[in-house]
Amino acid sequence: MIDAPPVECLIVGGGPAGLMAAIYLARFRRRVCVVDAGASRAALIPRSHNVPGFVHGLSGTELIERMSAQLHELAVTRVEAEVTALQCDQDGFEASWNGGAHAAATVILACGIVDTRPPFDEWRTAVTDGLLRYCPVCDAFEATGRRIGVIGPLARAAGKALFLRGYSRDVTLLATGPDDDRSATSRLAEAGVKVVFAPDLRLRRQGEGLEAVFADGRTAQFEMVYPAMGAQVRSQLAMALGAGHNAEGYLEVDDHQRTSIAGLYGIGDVVTDLHQISVAFGHAAIAACTIHNSLPPRLA
């Protein structure tokens, strides 16, 4: 049983992508509802320097707060909940949360990802302090000349380590998985990246940096560590409907952010492994404009 009047667009996820889509649609005078479980990956960003106009950067929390204030001014409905199911019907979609059913003509999934964390009990405070970092595209510039560790299966982590080698001469790849990828090993050696095979590695804080502790008791010191251990893509709602996706779970979309399910859109990290706020904003604008043009005209 539907608990409330239908909305023209339901947005699942309240990170930068979802909030930007909501801002656009609200300014198109569309009936929008944002449902957010409060687990945005962006909220973990201690300071981003890739958001235009903020010379000294801003935190992910501050960005979300600023965008949320803008939504409040636009009187957009926001619900703190987790969407547990999504179904198609003849009028669009029916979403479930908090034990109720809610109708929407279109749906935008901006659910993002959950990073696979390294073995490290204090990971959250280390992220806050800039010791544990996930995005070299975002902040490698601030890591210039520092002692850097990259942790993850060799084949997955090699690209990140090579990228960081462009900013520091002291980069070590702590390989937690098989190291028999000869091409990757060769490229790392040529670039001067040290490789240490460490399947039972754990991390701990040491002084102003992080310490890697190996199974045999040896240790190595780093000023910062970048995990490259993969992520869980929060695409389950779309996959349950049969939406196209790749092997890692990223949703397949066209150049208007449309999934293979009519009326269902994917934006931000749920569709790409280029985890950038600017990319999320672009996806949001494209999806919102496409949705606005697909709905019956909104007359004054």
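Residues numbered from 1 in each chain as written. Predicted model: local features only at pLDDT ≥ 70, side-chain atom pairs only at ≥ 80, totals over all residues. Heavy atoms only, no water.

## Notes on the overall build of the protein chain
The number of helices and strands found in the protein chain is eight helices and 16 strands. At 21 Å, the protein chain has a C-alpha radius of gyration in line with the 19 Å of a compact globule built from 300 residues. Its C-alpha atoms give the protein chain principal-axis dimensions of about 65 × 40 × 35 Å. Burial status across the protein chain gives 49% buried among its 300 residues. By sequence separation, contacts in the protein chain at least 24 residues apart represent 58% of the contacts at least 6 residues apart. (Helix = DSSP H or I, 4+ residues; strand = E, 2+ residues; numbered from the N terminus. Rg over C-alpha atoms; globule rule 2.2 N^0.38 Å. Buried < 20%, exposed > 50% of the residue type's maximum accessible area, 1.4 Å probe, protein only. Contact = heavy atoms within 4.5 Å.)

## Some thoughts on the pairing of strand 2 (residues 32-36)
Burial runs high along strand 2: five of the five residues are buried. By the bridge criterion, four bridges tie strand 1 (residues 7-12) to strand 2 in an arrangement that is parallel. Its bridge partner being in strand 2, Cys9 is matched across the sheet by Val32. Handedness of the β-α-β unit built from strand 1, helix 1 (residues 16-27) and strand 2 comes out right-handed. (Pairing = 2+ DSSP bridges. Right-handed = clockwise from strand over helix to strand, strands pointing away.)

## So, the state of the cysteines
Tallied over the full model, the rule gives one disulfide. Between Cys135 and Cys138 runs a disulfide, and the two sulfur atoms are separated by 2.3 Å. Here the disulfide of Cys135 and Cys138 is right-handed, its torsion about the S-S bond being about 70°. By relative accessible area, Cys138 is classed as partly exposed at 21%. Just so you know, Cys111 is unpaired, no disulfide at all, and the nearest cysteine sulfur is the one on Cys9, 12 Å from it. (Disulfide = S-S within 2.5 Å.)

## Examining the sheet that holds strand 14 (residues 224-227)
Here we have four strands laid out as an open sheet, ordered 10-9-8-14, and parallel in their pairing. Looking at strand neighbours, the two that pair on one side only are strand 10 (194-197) and strand 14, the edges of this open sheet. The sheet shows a mean angle of 25° between the axes of neighbouring strands, taken without regard to direction. Looking at chain direction, strand 8 (residues 148-152) and strand 14 are connected through four bridges and run parallel. When the bridges of strand 14 are listed, Gly149 appears paired with Val225. (Axes fitted to C-alpha atoms, helices over the stretch in contact; angles between N-to-C directions.)

## Considerations on the side chain of Ser68
Structurally, Ser68 can be placed in helix 2 (residues 60-73). Ser68 gets classed as buried once you look at its relative accessible area, which sits at 17%. In this structure the side chain of Ser68 is engaged in a polar contact, spanning 2.7 Å, whose partner is the side chain of Arg78. (Polar contact = N/O pair within 3.5 Å; in protein donor to acceptor, adjacent residues only side chain to side chain.)

## Quick look at the packing of aromatic side chains
The description of two aromatic rings rests on the distance between their centres and on the angle between their planes. The tally for this structure, following the rule as stated, stands at two aromatic pairs. Judged by centre distance (6.4 Å) and plane angle (70°), the rings of Tyr24 and Phe28 are edge-to-face. Given the relative accessible area of 23%, Phe28 is considered partly exposed. Summarising the aromatic geometry, the rings of Phe163 and Tyr167 are spaced 5.6 Å apart at their centres and angled 45° between planes, so their arrangement reads as tilted. For Phe163, a relative accessible area of 35% puts it in the partly exposed group. Judged by relative accessible area, Tyr167 falls into the partly exposed class, the value being 29%. Over the ring of Phe214 we find Arg218, and its NZ or CZ is 4.7 Å from the ring centre. (Phe/Tyr/Trp six-rings, centres within 6.5 Å; stacked < 30°, edge-to-face > 60°. Lys NZ or Arg CZ within 6 Å of the ring centre and 35° of its normal.)

## Re the environment of Pro227
Mapped onto the elements of the fold, Pro227 is located in strand 14. When the C-alpha positions of Pro227 and Thr116 are compared, they lie 8.2 Å apart, and in sequence the two are 111 residues distant. The contact partners of Pro227, leaving out residues within four places of it in the chain, are Pro118, Leu132, Arg133, Tyr134, Ile151 and Lys160.

## Considering helix 5 (residues 154-164)
In an α-helix, one turn spans 3.6 residues, which is why side chains three or four residues apart end up on the same side. Burial in helix 5 covers these residues: Leu154, Ala157, Ala158, Lys160, Ala161 and Leu164. Contacts made by the buried residues of helix 5 are with helix 4 (136-139), strand 8, strand 9 (171-175), helix 6 (182-191), strand 10 and strand 14.

## Focus: the side chain of Thr272
Within the secondary structure layout, Thr272 lies in the loop between strand 16 (264-266) and helix 8 (277-294). Within the structure, Thr272 has its side chain in polar contact with the backbone nitrogen of Leu274 (distance 3.1 Å).

## Points about the sheet that holds strand 11 (residues 202-206)
Ordered by their spatial adjacency, three strands build an open sheet running 11-12-13, and the pairing between neighbours is antiparallel. Edge positions in the open sheet fall to strand 11 and strand 13 (219-222), since each of these has one partner strand only. Going from strand to strand, the sheet's axes swing by 30° on average, the running direction of each strand aside. In terms of strand pairing, strand 12 (residues 209-213) meets strand 13 through four bridges, oriented antiparallel. When the sheet's bridge partners are listed, Glu211 is paired in strand 13 with Gln221.

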